[in-house]
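Report on the structure
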Amino acid sequence: MDKDRIVGSAKEFAGRAEGAVGDLAGDAQTQASGKAREAAGTVQNLYGQAKDAVRDAGETAAGYAKDAYQNPGDTLRDGSQAISQKVKDNPLGALLVAGGIGFALALLMSRPARRPPPRWRYYR
C-alpha cells in the first residue's frame, strides 16, 4: 500500500471532521477549510491508488516476461496452441487475415527501389 493512500485517507478524514466542526459552530471559514482538506485528501488517495495500480501492473508484466524467458518452449507451445484454436474457431477470418498479410507483403516487395532525388546543379 502506498503512503500517499494512507496520508490521503487521513487528510480526507480530518477534512470531514473539520467540516463537521464548522457545521456545528456555524463557521463558514472552518467549513470551507474542511472541504478543501477533504478534497486534497481524496486527490492524494486517488494518486496513491494509481501508483499502486501501475506498480501491480508492472510486477505482473515482469512476472509474465520472467516466465516466458525461463520457459520459452512452454510459452511458444501455448501461443501456437492458442493460434491454432483461433483458426479452428474461425477459419474464414484466419484465411482473410493471412491473405491480407500476404497481399501487403507482395505490395512491399514488388515496389521498385527508391532512388534518391536528382541533384540540380546550376551551371553558369
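Quantities reported herein were computed from a predicted structural model and do not represent experimental measurements.

Scanning the chain from N- to C-terminus turns up four helices and zero strands. Mapped from its N terminus to its C terminus, the chain presents α and β elements in the order α-α-α-α. Over its C-alpha trace the chain gives a radius of gyration of 31 Å, far above what one expects of a compact globule, namely 14 Å for 124 residues. Counting the 124 residues in the chain, one finds 12% classified as buried. Pairs at least 24 apart in sequence give 62% of the contacts found in the chain among residues at least 6 apart. Within the structure as shown, the chain displays about 10,500 Å² of accessible surface, and the carbon and sulfur contribution to it stands at 63%.

Let's shift gears to the pattern of salt bridges. Here the structure, examined in full by the defined rule, presents six salt bridges. Salt-bridge contacts for Arg 37 lead to Glu 18; the nearest nitrogen and oxygen are separated by 3.5 Å. One end of the pair, Arg 37, is in helix H2 (residues 28–70); the other, Glu 18, is in helix H1 (residues 3–25), and 19 residues separate them in sequence. On the accessibility criterion, Arg 37 (39% relative accessible area) is partly exposed. In this structure, Arg 55 engages Asp 52 in a salt bridge whose closest nitrogen and oxygen atoms are separated by 2.8 Å. With a gap of three residues between them, Arg 55 and Asp 52 both fall in helix H2, about one helical turn apart.

With respect to the helices and strands, the residue Asp 4 is situated in helix H1. According to the relative accessible area criterion, Asp 4 is buried, its value standing at 11%. Beyond its immediate stretch of four places on either side in the chain, Asp 4 contacts Gln 44, Asn 45, Tyr 47, Gly 48 and Lys 51.

Attention now moves to H2. With 43 residues, H2 should cover 63 Å at 1.5 Å per step; its first-to-last C-alpha distance of 63 Å lies within 8% of that length. Buried residues of H2: Thr 30, Gly 34, Gly 41, Gln 44, Asn 45, Gly 48 and Asp 52, and no others. Buried residues along H2 sit against H1. Two to three positions downstream of the cap, the backbone nitrogen of Gln 29 sits 3.4 Å from a side-chain oxygen, assigning the N-cap of H2 to Asp 27.

Right, let's get into the side chain of Gln 44. Structurally, Gln 44 is set in helix H2. A polar contact of 3.2 Å, which involves the side chain of Gln 44, links it to the side chain of Asp 4. For Gln 44, the residues in contact, after removing those within four places along its chain, are Asp 4, Arg 5, Val 7, Gly 8 and Lys 11.

Let us now look at the confidence of the model for the chain. Summarising the model, the chain shows a mean pLDDT of 85, and 97% of its residues fall at 70 or more. Per-element averaging of pLDDT across the chain places helix H3 (residues 72–89) at the bottom with 85 and helix H4 (residues 91–110) at the top with 91.

For the pair H1 and H2, the least separation of the axes is 7 Å and the interaxial angle reads 165°. One element, H1, and the other, H2, form an angle in the roughly antiparallel class. The hand of the H1/H2 crossing is left-handed. Of the residues assigned to the contact of H1 with H2, the class counts are three nonpolar, 15 polar and twelve charged.

The rules behind the values
- Residues numbered from 1 in each chain as written.
- Predicted model: local features only at pLDDT ≥ 70, side-chain atom pairs only at ≥ 80, totals over all residues.
- Heavy atoms only, no water.
- Helix = DSSP H or I, 4+ residues; strand = E, 2+ residues; numbered from the N terminus.
- Rg over C-alpha atoms; globule rule 2.2 N^0.38 Å.
- Buried < 20%, exposed > 50% of the residue type's maximum accessible area, 1.4 Å probe, protein only.
- Contact = heavy atoms within 4.5 Å.
- Areas by Shrake-Rupley, 256 points an atom, 1.4 Å probe, with all protein chains shown as cover.
- Salt bridge = Lys/Arg side-chain N within 4 Å of Asp/Glu carboxyl O.
- Expected span 1.5 Å × (residues − 1).
- Polar contact = N/O pair within 3.5 Å; in protein donor to acceptor, adjacent residues only side chain to side chain.
- pLDDT = per-residue confidence, 0-100.
- Axes fitted to C-alpha atoms, helices over the stretch in contact; angles between N-to-C directions.
- Parallel < 35°, antiparallel > 145°, perpendicular 65-115°, else oblique.
- Left-handed = near helix turned anticlockwise from the far one by under 90°.
- Nonpolar A, V, L, I, M, F, W, Y, C, P; charged D, E, K, R; others polar.

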